[in-house]
Amino acid sequence: MLGPQNAQDFIRALKAPSDPPHVGGPLKIDIAREAWENTRLYIPNKAEAIVEWLLTRLLKDKAKDRHANSICDTRYWDLLAQILISSGGGKHGDHGRAQRAWLVPLLNRVPIAPIVLSCFKFASADGSLDTPQYLLVTKCIAILWPLAAPKFSPETLLECFGAAIHLVVALGGPELPDGSLQSLDNSRALSVIVSSYRGTLSNSGSKKKQLYTLFLEKYVDFWLKLATWSCGRESVQPQLASDIYDAGIETMFGLELLKPAADRKHDLALADALERILRTSPEIVLRPLPRMFKSYVHTIRRHRGALFGQGSSQALGQVVDQFQAVAIGFYSLCSNLARAGGEGMYWRCRVSLLEVVEKENLFNSKDDDAKTLLRQDGDLAIDALATAWDEQHASRTDSAVQILTLLTRIDYDLMSDGAIHVFPRLLALPPTVTSALRYLELLLEYDSKTRNLPSVIMHIAAAFSVQHLHRIPGSPRSAYELASAGPFTSLAFLDELSRAVYSFLTPGQVLDTIAVVSQTLKDALQQFLERDAELSADRGEGPRKRRKKRASTVGDRTEPEYSAVSFALMARTMVVVLRSLPLHTLTEDVHLEAVNAIGEVLPVVACRALQDALQSDKRSDWHWQMVGVGALRLRYGLVRMPELQRQLQLEQPVLTAMLLSVSEPGIAPELFVELFRTMLHQCTEVMQPEEVLDKLLAHLDVHLSIKNSAWTGKAHVLSTDAAGALALLHVLTDRWLPHFDAWSTPEQRKRFARILTTAKLDPAALHSRSGLTVPVVVSRMLHDAQFWELLNIRDALLAQLNEQTALLEELKLPALLSQRPSNLRLASSDDVLQFVSAYDVLALTPPEYLPRAMHIAFLKRGFAADILVFTMLRKAKESAVSARHLLVIREFLRRTIAYLGSVENVIMKEFLNYLIEHASVNNCSTEVVDEVISATMELINMYQGVLVRAAKRGGIEVLVELVTRYTELYAVDGLTIVRKASLLLIDSFVQEGIATNFPEETVRSLHRLCDRMLDYSMKHLTSSSSAHAEPPLDVEFLDTWSHVQTLRRWLKHESEDLPTLGRPLARRLLSWTGEKGQLTSLAPSVLAILLSEMQAAPAARHEEQLEYVVVAYLAFARLCERQDMKPLEWRLGSACRTLSADDFRAVLELVYNGIPLSSGLTVQDVGNLVQFSAVVLHDAPEGTSRICQSFITKSLHLFADDERYVTNVELRREVVDFVVRQCNDRPASLRVVDLPSLWSLLRSLLASSSVHEQSTDTTVFHGVVNVLSALVRLRRDLILNTLPHLGFILRRLVSCLRSLRPQLGDKQSRLVMDTLPRWIAPSQPLSAQESKALARLLTTLTTKTMIRVHGVAAETQKPESLVRPFSKHAASVITAYVEAVNDPLCVVSSAIRKELQPGLFALCDMLGEHNRDAMMVSALDTGGKATMKALWKEYEKQRYVGKG
């Protein structure tokens, strides 16, 4: 049926009482749409008429059910959106004004707020979103709302604001299934509603109270839910969530509502509303509560002038006091709410609330109410620490400690009286509570500043008392383990305690501290002795009278054990105090008195306890062993003080008892370690080391377990003899190895070497996360350079390895290769395991420490070991050896051959054939197999290289036989790995020269090999192309094909029409959809094929082909990762060496045309082109030096003229690498004309910048240093004419070593950072490694070198240095260092200054005293002179003056 044909019929149809207007006719919405879309139907004010009808219809239907409601009908919103948008909705020009002319009056007649409310209601009720309809609705609201909102009442806007919050909450919060919260606000409709509400709220002063009440009654729970979801993510939350949160805060904390709070009369309506919600949903109240508190604080701070500063007598201090009092009052309200929440949430909320108090500085020390309130929080935290030992309450314990930490930061006096209660409860804190260390550091910091360290020392000692240990549930042993794992005995805390005592204990406190600590240790030991005597009397071991008298007083049999634990823990901590005393600050007489007082602790406490503990009838008791552990630790710590050298010796009976103790069973492993450590120390004085070392090695022989022992490094966890033996081995290798080397007998060293070679150094054991293991300890020792400098142990180890592999000498290689049973039976599986363990150690042995004869012996034996291991792997399904062992042996063989160089007489051709046949292993992981194949191929390649070089001298028999064997391999399928060896042989021939350098017979054999390889490739290509129109993407085939082309070109083979595969293969790779790993393996072969086809093409097509090669390289570089580019670069470099000069020039021209950023290439492509040019220049063909020079000159000019090469991170990295490679690889190519561009580029790299990157790029610093080092060493002739430029760059490098001083403001930080290069991040300054590199460069200035140039001048020059020429410029570099050190806003760390000293001393040597004096007068201020004097003083100390 046709719709209305004129305006009158259209208006009648829309106003008809029924829908559709005529029975069987179209619906009104269809009539309206048809009229709107019919441009030939003229209706005056058509848009206004249709929009008015649509809005009226939507308004009338707002209360209907969903199925009959036009609000839920997408057609209405679609038509409305079309009309509003086409009529200029949202525009600000003439169209927008024309629309507003009729739309604003219409919206005054038809309110849209009820429509929006109804729409949001339906969307919220379902909990799901009709996305297409919602987008249409929001588009319409975004246009209509700004025009209609000015007429809405504040109550209506609040209702719409609440509906918007409800909608967001109902749809699932910030993270919706279809995207983030911001996706709800793509059209800015919700933001417009929130914004209009906030604007009206700020202008409706009289109704704020009413809006506040309505908000708390109806909408605060939804607002809290949204605030809960965004908690902890305020900095990254969507803008809509932030706007909604701010609107709620403005509603609750408006200025009019805060005025009663100025008189400390907080409105209870908010508290009542939050309590109401807290009963049902505590999380949505407690999680956002700290954020609300922070917002409240910010609000009253913003309005503090209006709230507190209205009287003329109000001073600034009074305003601050009132502000703090009001904020603390609201904190009290929040604290009360937190108490009503759950256990876990309560503690987390309390911590967050206190963080606000501390960060916003809300505490006033004069406010007694605030003190009482915060002390209550501290008391609750202390009470919560009563069960700190329980891991189940670790979260609550951590929060309680954080509360104490925050209260200490706020004001130390708040909890200063609670330390005596806190310390005992921190005693057994689990290691998972990391906040305890920070709390203790704060206490130490405060007591250090107030010079009150003796009190904190006594609190620590008191925490270890018996009465506090009793509070830890379980036995005394569990109390010892928990306390030993607690914060007071952790290395981090003990280091802080030592540093505080040494730095801040005053000279007047030293003697008192010694007396108190000494008395504490005496009392602890005396208490133990008394409790043990009481227990002995009760057992009937004492005199009868004493037994009768004391039998009734002994109630707890474990009392001596608790006393022993107390003494052991006190000894562990108090010895740190005694060792750290600042004795250097004392006068001579007081120093002597202090040393005597400390020395008295040894005989009175340590020696006495040790004598009693080592008695034969007591040393089997656990509590006496703990006393012995404490006494030994105390003594070992004290006797290592330089001031107590005269009191080192123990009495002979004690030493004898110690030797007897380590031989008895039942001794705790912890005591074992301490006994041996003390005896090793005594060997430096009175004991005979031979007997001690015999006992030690015997203990290791018996108890050291390779498989089942692991240790975390903490002594209290040593529970087994195996763990104790492991700890003992660690102590020996880490501390006493040089002494062992000097003391031990040859037999003892042999035993020790045997222990070392039994460790299985497999990766699983070395990378174990369970802590220290025997393989880890041995591996660390073998990686230590000091170990290899110990001649006796080194010789013993090498002798043991020689003996352990001696059986391999008897196995003849030909017999092994023939696998005769009689020869294989000579080596059992145990023998093979010994061989393997020996080569595990040899793999970690620096080759420089092995004599050449031993190198050759181990190499020959390695051949036999390789065959034995491979045979066992092949024959036994579950062998004791693994493929990793084969990998270790072959890697050792490869490294040894590379180190020895020429070994033609050592390697047998039979072993080469064996490697070719058995390059891989089966039944192993793919990763291990690949590593074995890689190591084997490197071995084969090294030996084949030896054969190729020998063939040039006439030794061709083995080589021809090998080429013939490879030729036969291409007649059969399979044998992929063997054919890979033949490709390596071709590479060796190409690298060694041209074909005419080799005998004719060798060349003929290569011709046959080339023909066979071509036949094989063509057969493979034909069979594959029958099924596919394009060549196959097979790595083996492509590698073979590229080598066929290379070999034909090298042999100058007659050209044949070979199929062109490069471009089809490249196209397939560029559309690759498979695994990326396969792509990276195919790309090098395809690039090599393209290069070979280019060289085989007619000369007229070379330029076109080269252009395609460059484009293919850029495309492959895009697809490959940076670490996967090495094979691609190697193939490119190999091909470049065989290019003609014309082709090479053409390649460089193509590259140069693409390097400019104006060429149209992307930044990534330009960076890859720079990398491409660096590879091409490195492998330039002979006779192209002028071409290289020209390209380098033009490239340096280009880089220097455009700062984008420096500001872009990717480009900068490639440019720096390019310059470094040219200066190091081709220094003779640099000319005088290159220096201006080079200095300009270096200046740009080090120039100051106001913009800085997120992370520091240290490669730039090292790159600049490497460039300067190459110029100084190799092209001194160029540097001589530009020494001021060198001095300027060195000054900038020294300036880069500065870092920001802690706690600088933004403006101060900006002042410093504006003087640093852009690649230095504020939070990540340069480290000591960069300082070390710069020092090495500065010392290079004093080194005599030869200039690297071509021609006759190179033969007549003498080695010289830059000392004399640069002496005039050294002062400017030293001045830069002095300025950096004295900069009040910067810090040059001690590590950086220490590493830079050698370079500074070299500059001082150049400077001389005359120039130094001139610099002191003219260039330095008072602080600079002091720094220069200190530097010169250090220089004078190390300067050689020629007196011996």
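Residues numbered from 1 in each chain as written. Predicted model: local features only at pLDDT ≥ 70, side-chain atom pairs only at ≥ 80, totals over all residues. Heavy atoms only, no water.

**Quick look at the overall build of the protein**
- Of regular secondary structure, the protein possesses 73 helices and 4 strands.
- Within the protein, the fraction of its 1444 residues that count as buried is 53%.
- Residue pairs at least 24 apart in sequence account for 77% of intrachain contacts in the protein once pairs closer than 6 positions are excluded.
- Within the structure as shown, the protein displays about 64400 Å² of accessible surface, and the carbon and sulfur contribution to it stands at 51%. (Helix = DSSP H or I, 4+ residues; strand = E, 2+ residues; numbered from the N terminus. Buried < 20%, exposed > 50% of the residue type's maximum accessible area, 1.4 Å probe, protein only. Contact = heavy atoms within 4.5 Å. Areas by Shrake-Rupley, 256 points an atom, 1.4 Å probe, with all protein chains shown as cover.)

**Let's talk about the pattern of salt bridges**
- Applying the stated rule across the entire model yields 48 salt bridges.
- Ionic pairing is found between Arg-633 and Glu-674, a salt bridge with its closest N-O pair at 3.3 Å. Of this pair, Arg-633 sits in helix α31 (residues 622-639) while Glu-674 sits in helix α33 (residues 669-682); the two residues are 41 residues apart in sequence, bridging distant segments of the chain.
- Given a relative accessible area of 11%, Arg-633 falls into the buried group.
- Because the salt bridges share partners, they merge into one network encompassing Arg-572, Arg-633, Glu-670, Glu-674 and Arg-677. (Salt bridge = Lys/Arg side-chain N within 4 Å of Asp/Glu carboxyl O.)

**A few points about the packing of helix α1 (residues 7-15) against helix α2 (residues 28-37)**
- Running from N to C, α1 and α2 point in directions that differ by 150°, and their axes come no closer than 9 Å. Comparing the axis directions of α1 and α2 gives the class roughly antiparallel. For the pair α1 and α2, the sense of crossing is left-handed. Within the contact between the two elements, α1 uses Phe-10, Ala-13, Leu-14 and Lys-15 and α2 uses Lys-28, Ile-31, Ala-32 and Ala-35.
- For the contact of α1 with α2, the residue count by class is 6 nonpolar, no polar and 2 charged. (Axes fitted to C-alpha atoms, helices over the stretch in contact; angles between N-to-C directions. Parallel < 35°, antiparallel > 145°, perpendicular 65-115°, else oblique. Left-handed = near helix turned anticlockwise from the far one by under 90°. Nonpolar A, V, L, I, M, F, W, Y, C, P; charged D, E, K, R; others polar.)

**Here we look at helix α68 (residues 1328-1340)**
- Here α68 is 13 residues long and its end C-alpha atoms lie 18 Å apart, about the 18 Å a rise of 1.5 Å per residue gives.
- For α68, the complete set of buried residues consists of Glu-1330, Ser-1331, Ala-1333, Leu-1334, Ala-1335, Leu-1337, Leu-1338 and Thr-1340.
- In this fold, the buried residues of α68 make contact with α64 (1258-1274), α66 (1283-1295) and α72 (1390-1418). (Expected span 1.5 Å × (residues − 1).)

**Concerning unusual backbone geometry**
- Within the chain, Asn-45 stands out as a residue other than glycine whose phi angle is a positive 50°.
- Position of Asn-45 relative to the elements: it lies in the loop between α2 and α3 (46-60).
- The phi dihedral of Arg-451 falls on the positive side, at around 55°, and the residue is not glycine.
- Position of Arg-451 among the secondary structure elements: in the loop between α22 (435-449) and α23 (453-463).

**What about the packing of aromatic side chains?**
- Considering all chains together, one arrives at 39 aromatic pairs under this definition.
- For the ring pair Phe-253 and Tyr-296, a centre distance of 5.1 Å and an interplane angle of 75° mean the geometry is edge-to-face. One end of the pair, Phe-253, is in the loop between α11 (239-252) and α12 (255-258); the other, Tyr-296, is in helix α15 (residues 289-302), and 43 residues separate them in sequence.
- You can call Tyr-296 buried: its relative accessible area is 2%.
- Between Phe-989 and Trp-1050, the ring centres sit 5.7 Å apart and the planes meet at 50°, which makes this aromatic pair tilted. (Phe/Tyr/Trp six-rings, centres within 6.5 Å; stacked < 30°, edge-to-face > 60°.)

**A word on the confidence of the model for the protein**
- Of all residues in the protein, 89% attain a pLDDT of 70 or more, and the chain-wide mean is 82.
- Under a pLDDT of 50 for its full length, residues 174-180 has, in the predicted model, 12 contacts with residues more than four places off or in other chains.
- In the model, residues 544-555 has pLDDT below 50 throughout and makes 12 contacts with residues more than four positions away in sequence or in other chains. (pLDDT = per-residue confidence, 0-100.)

**Observations regarding the side chain of Ser-448**
- With respect to the secondary-structure elements, Ser-448 resides in helix α22.
- For Ser-448, a relative accessible area of 3% translates into the label buried.
- Once you skip the residues sitting within four places of it in the chain, Ser-448 turns out to touch Leu-453, Ala-500 and Phe-504.

**Concerning the environment of Leu-426**
- Topologically, Leu-426 is positioned in helix α21 (residues 419-426).
- Its relative accessible area of 0% is what places Leu-426 among the buried residues.
- Setting aside residues no more than four positions away along its own chain, Leu-426 makes contact with Leu-385, Val-401, Tyr-439, Leu-440, Pro-487 and Phe-488.

**Some remarks on the packing of helix α60 (residues 1185-1201) against helix α63 (residues 1235-1246)**
- Where α60 meets α63, the axes come as close as 8 Å, and the angle between the chain directions of the two elements is 35°. Once α60 is placed against α63, the crossing between them reads as left-handed. Contacts from Leu-1196, His-1197, Phe-1199 and Ala-1200 of α60 reach α63 at Ser-1237, Leu-1238, Ser-1240 and Leu-1241.
- Of the residues belonging to the contact of α60 with α63, the class tally is 5 nonpolar, 3 polar and no charged.

**Some thoughts on the nonpolar core**
- Counting 497 residues, the largest nonpolar core has Met-252, Leu-1290, Leu-1293 and Phe-1366 as its most contacted members.
- For this core, the element with the highest residue contribution is helix α29 (residues 559-579), accounting for 13 residues. (Core = buried A, V, L, I, M, F, W, Y, C linked by side-chain atoms within 4.5 Å.)

**Some thoughts on α15**
- The terminal C-alpha atoms of α15 lie 20 Å apart, and with 14 residues this matches the ideal 20 Å at 1.5 Å per residue to within 8%.
- Of all the 14 residues making up α15, 10 are buried; the element is thus mostly covered by neighbouring parts of the structure.
- Along α15, the positions that sit buried rather than exposed are Leu-289, Pro-290, Arg-291, Met-292, Phe-293, Ser-295, Tyr-296, Val-297, Thr-299 and Ile-300.

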